[in-house]
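Read off the chains here:
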Amino acid sequence: MGEKLTQGDVEKIRSEIEHRKLVIRKEALEAVKEARAHGDLSENFEYKAAKQYKNQNESRIRYLERVLKTADIVSDVSREGEVGMDDIVEVVFEEDGEVEKYKLVTSIRGNSLENRVSIESPIGKALKGHKVGDRVLVKVNDTCSYYLTIRSIDKTGSEEEAIRGF
């Protein structure tokens, strides 16, 4: 079982692969060719750096192709009034009354520093499908869990709003 991706994620990955194959690959090969022309390869830093850049690009292409090959496509559509993919959810933590906003995303787009939580994470699993006012148990593991209450669900918010909306 692979990453859970929406159709939009798949299109972005395909676009990145195409860009890496058609643009970056050519640039990297040209940089290697140019650095090779500078002479002795054993002490040629430019050559080593160019080869490393080329290899990193090829490695990224292989990784992205593998992600697509093994991916599970998930729907980004949710019912009205329920938390779903790409929704911005404002929650209140019962323990301390702290209010946070999260955007539910696929695991490949998750980024806790930007409050984008994966639908595979404990909080993402707990929130998905719930409604405003619901008290939700977030079970982290067998010994750690906490409650939160859903304060609001924004189905129209952009990703920038989720990040700067605090």
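Residues numbered from 1 in each chain as written. Predicted model: local features only at pLDDT ≥ 70, side-chain atom pairs only at ≥ 80, totals over all residues. Heavy atoms only, no water.

K.L.:
Whenever I open this one, the pattern of salt bridges confuses me. Can you help?
P.N.:
Pairing is possible between side chains that carry opposite charge, provided their charged atoms lie close to one another. As enumerated under the stated definition, the model contains ten salt bridges in all. Between Glu 11 and Arg 14 there is a salt bridge; the shortest N-O distance is 3.4 Å. Highlighted residues: Glu 11 and Arg 14, both in helix H1 (residues 7-36), separated by three residues, approximately one helical turn. Two residues, Glu 65 and Lys 21, come together in a salt bridge whose shortest N-O distance is 2.7 Å. Placement of Glu 65 in helix H2 (residues 45-70) and of Lys 21 in helix H1 is noted, with a sequence separation of 44 residues between them. With a relative accessible area of 33%, Glu 65 lands in the partly exposed category. (Salt bridge = Lys/Arg side-chain N within 4 Å of Asp/Glu carboxyl O. Helix = DSSP H or I, 4+ residues; strand = E, 2+ residues; numbered from the N terminus. Buried < 20%, exposed > 50% of the residue type's maximum accessible area, 1.4 Å probe, protein only.)

K.L.:
What's the story with H1 in this structure? I'm lost.
P.N.:
In an α-helix, one turn spans 3.6 residues; hence positions three or four apart end up facing the same way. Spanning 30 residues, H1 covers 42 Å between terminal C-alpha atoms, matching the ideal 44 Å at 1.5 Å per step. Within H1, the full set of buried residues consists of Asp 9, Val 10, Ile 13, Ile 17, Arg 20, Ile 24, Ala 28, Val 32 and Ala 35. (Expected span 1.5 Å × (residues − 1).)

K.L.:
I tried to follow the sheet that holds strand S6 (residues 135-139) on my own but got confused; where do I start?
P.N.:
Adjacent strands of a sheet pair through backbone hydrogen bonds, lying either parallel or antiparallel. Overall, mixed pairing links the five strands, which are arranged S5-S4-S3-S7-S6 in an open sheet. With one partner strand each, in any of the chains shown, strand S5 (116-118) and S6 form the two edges of the open sheet. Strand-to-strand twist of the sheet, defined as the mean angle between neighbouring strand axes without regard to direction, takes the value 45°. When strand S4 (residues 99-105) meets S5, the two strands line up parallel, connected through three bridges. From the neighbouring strand, Lys 103 faces S5, where its bridge partner is Arg 116. (Pairing = 2+ DSSP bridges. Axes fitted to C-alpha atoms, helices over the stretch in contact; angles between N-to-C directions.)

K.L.:
Help me understand the packing of aromatic side chains in this model?
P.N.:
Aromatic ring pairs are defined here through the distance separating the ring centres and the angle between the ring planes. Enumeration according to the criterion identifies one aromatic pair in this entry. Their ring planes at 35° and their centres at 5.7 Å tell us that Phe 93 and Tyr 146 sit as a pair that is tilted. Here Phe 93, found in strand S3 (residues 88-93), pairs with Tyr 146, found in strand S7 (residues 145-154); they are 53 residues apart in sequence, far enough to count as distant. When its relative accessible area of 14% is taken as the criterion, Phe 93 is described as buried. Judged by relative accessible area, Tyr 146 falls into the partly exposed class, the value being 24%. A cation over a ring is seen here: Arg 135 above Tyr 147, with NZ or CZ 3.7 Å from the ring centre. (Phe/Tyr/Trp six-rings, centres within 6.5 Å; stacked < 30°, edge-to-face > 60°. Lys NZ or Arg CZ within 6 Å of the ring centre and 35° of its normal.)

K.L.:
How do you make sense of the nonpolar core when you look at a structure like this?
P.N.:
Proteins that are soluble and globular tend to have nonpolar side chains buried together. With 17 residues, the main nonpolar core has Val 89, Val 91, Leu 104, Ile 123, Leu 127, Leu 148 and Ile 150 as its most contacted residues. Elements that contribute at least two residues to this core include exactly S3, S4, helix H3 (122-127), S6 and S7. Beyond its immediate chain neighbours, meaning those up to four positions away, Val 89 contacts Val 83, Glu 100, Lys 101, Tyr 102, Leu 104, Leu 127, Ile 150 and Ser 152. Of all hydrophobic cores here, the second largest spans eight residues; its members include Ile 61, Leu 64, Val 67 and Ala 71. (Core = buried A, V, L, I, M, F, W, Y, C linked by side-chain atoms within 4.5 Å. Contact = heavy atoms within 4.5 Å.)

K.L.:
Can you help me understand the pairing of S3 in this one?
P.N.:
If a strand is regular, its side chains alternate between the two faces of the sheet. Among the six residues in S3, five count as buried, and that is most of the element. In terms of strand pairing, S3 meets S4 through five bridges, oriented antiparallel. Across the sheet, the residue bridging to Glu 90 is Lys 101, located in S4. Where S3 hands over to S4, the hairpin turn is made up of five residues, of which Gly 97 adopts a positive phi near 75°. Across six bridges, the pairing between S3 and S7 is antiparallel. Its bridge partner being in S7, Val 91 is matched across the sheet by Ile 150.

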